[in-house]
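Topology and contacts: notes
Each chain is listed here by its residues.
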Amino acid sequence: HGLTHLSLLSVSFVVKDLLKFNNINFDVLTETYNMPFYMLYMSRWPEAFTVAEAPNKDLMGYVLGKAEGDGNLWHGHVSAVTVAPSYRRLGLAKTLMDDFENLCTN
């Protein structure tokens, strides 16, 4: 069974999280970027760069998104969504994507 929104804390990614997300980014299935790329997203689209944090403060996963386009073509864009191997198969990526979709449509 999957996670509910009440069983995880989804918060804006902050600079100190860059020092805590190796458990996610060292996985071979995760696309990684350089630090200035992450910092650009944090500064330009902070509400669209969110992290799922476990009760013990471990980072479980994140979605890296932004808003782009013009006029009626304005839309949300996901650059990355990833989950640490130890937190996979729980529905976390779906929860992160649902939160991002909600942000983009409301």
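Counting of residues starts from 1 at the beginning of each chain's written sequence and follows it residue by residue. Only residues with pLDDT of at least 70 get local features here, since the model is predicted, and only at 80 or more are side-chain atom pairs given and counted; chain-wide, interface and lining totals rely on the full set of residues. Side-chain numbers here rest on the full set of heavy atoms in the structure, without hydrogens or water.

**With respect to the overall build of the protein**
Keep this limit in mind: Numbering of helices and strands runs from the N terminus, with a helix taken as a DSSP run of H or I at least four residues long and a strand as a DSSP run of E at least two residues long. Contacts are assigned to residue pairs that have any heavy atoms within 4.5 Å of one another. To measure how exposed things are, a 1.4 Å probe is used in the Shrake-Rupley method; for residues, cover is taken only from the protein chains shown.
Counting its secondary structure elements, the protein contains three helices and four strands. Helices and strands appear in the protein in the N-to-C order β-α-α-β-β-β-α. In the protein, the proportion of contacts linking residues at least 24 apart, taken out of those at least 6 apart, comes to 56%. Total accessible area on the protein is roughly 6600 Å²; 59% of this is exposed by carbon and sulfur atoms.

**Description of the confidence of the model for the protein**
Short version of the rule: Per-residue confidence from the predictor is given as pLDDT, running between 0 and 100.
The predicted model of the protein averages 83 in pLDDT, with 90% of residues at 70 or higher. Here residues 1-7 is a poorly scored stretch, pLDDT under 50, and it has eight contacts once near neighbours within four places are set aside; other chains count.

**With respect to helix α2 (residues 35-44)**
Condition: Classification of residues uses two cut-offs on accessible area relative to the type maximum, computed with a 1.4 Å probe and protein chains only: under 20% is buried, over 50% is exposed, and between them is partly exposed. Picture the helix axis, draw a direction to every C-beta atom, and the arc is the one those directions span. Polar contacts, as used here, are pairs of N or O atoms within 3.5 Å; protein pairs need one atom able to donate a hydrogen and one able to accept it. Residues neighboring in sequence count only if both atoms are side-chain atoms.
Within α2, burial applies to Tyr 38, Tyr 41 and Met 42. Each buried residue of α2 lies within a common arc of 100° when the element is viewed along its axis, so the set occupies one face. In α2, those exposed residues whose orientation departs by more than 90 degrees from the buried face are Pro 36, Ser 43 and Arg 44. Against α1 (22-25), β2 (49-53), β3 (59-68) and β4 (75-83) lie the buried residues of α2. Backbone nitrogen of Phe 37 and a side-chain oxygen of the N-cap are separated by 3.0 Å at the start of α2; the cap is Asn 34.

**As for the environment of Lys 94**
Within the element layout of this structure, Lys 94 appears in helix α3 (residues 92-105). Among the residues examined, Lys 94 registers a relative accessible area of 55% and is labelled exposed. Separated by 13 residues in sequence, Lys 94 and Val 81 place their C-alpha atoms 9.5 Å apart.

**Considerations on the packing of aromatic side chains**
Filter applied, for reference: Two rings from Phe, Tyr or Trp (for Trp, the six-membered ring) form a pair when their centres sit within 6.5 Å of each other. Planes less than 30 degrees apart are called stacked, planes more than 60 degrees apart edge-to-face, and all others tilted.
Applying the stated criterion across every chain yields a total of 10 aromatic pairs. A ring pair is formed by Phe 21 and Tyr 38, whose centres lie 5.2 Å apart and whose planes are at 75°; its orientation type is edge-to-face. Of this pair, Phe 21 sits in the loop between β1 (9-12) and α1 while Tyr 38 is found in helix α2, placing the two residues 17 residues apart along the sequence. Note on accessibility: Phe 21 and Tyr 38 belong to one class, buried.

**Thoughts on unusual backbone geometry**
Of note, the phi angle at Lys 57 is positive, near 80°, even though the residue is not glycine. With respect to the helices and strands, the residue Lys 57 is situated in the loop between β2 and β3. The phi dihedral of Arg 89 falls on the positive side, at around 70°, and the residue is not glycine. With respect to the secondary-structure elements, Arg 89 resides in the loop between β4 and α3. Residue class for Arg 89 comes out exposed when judged on its relative accessible area of 84%.

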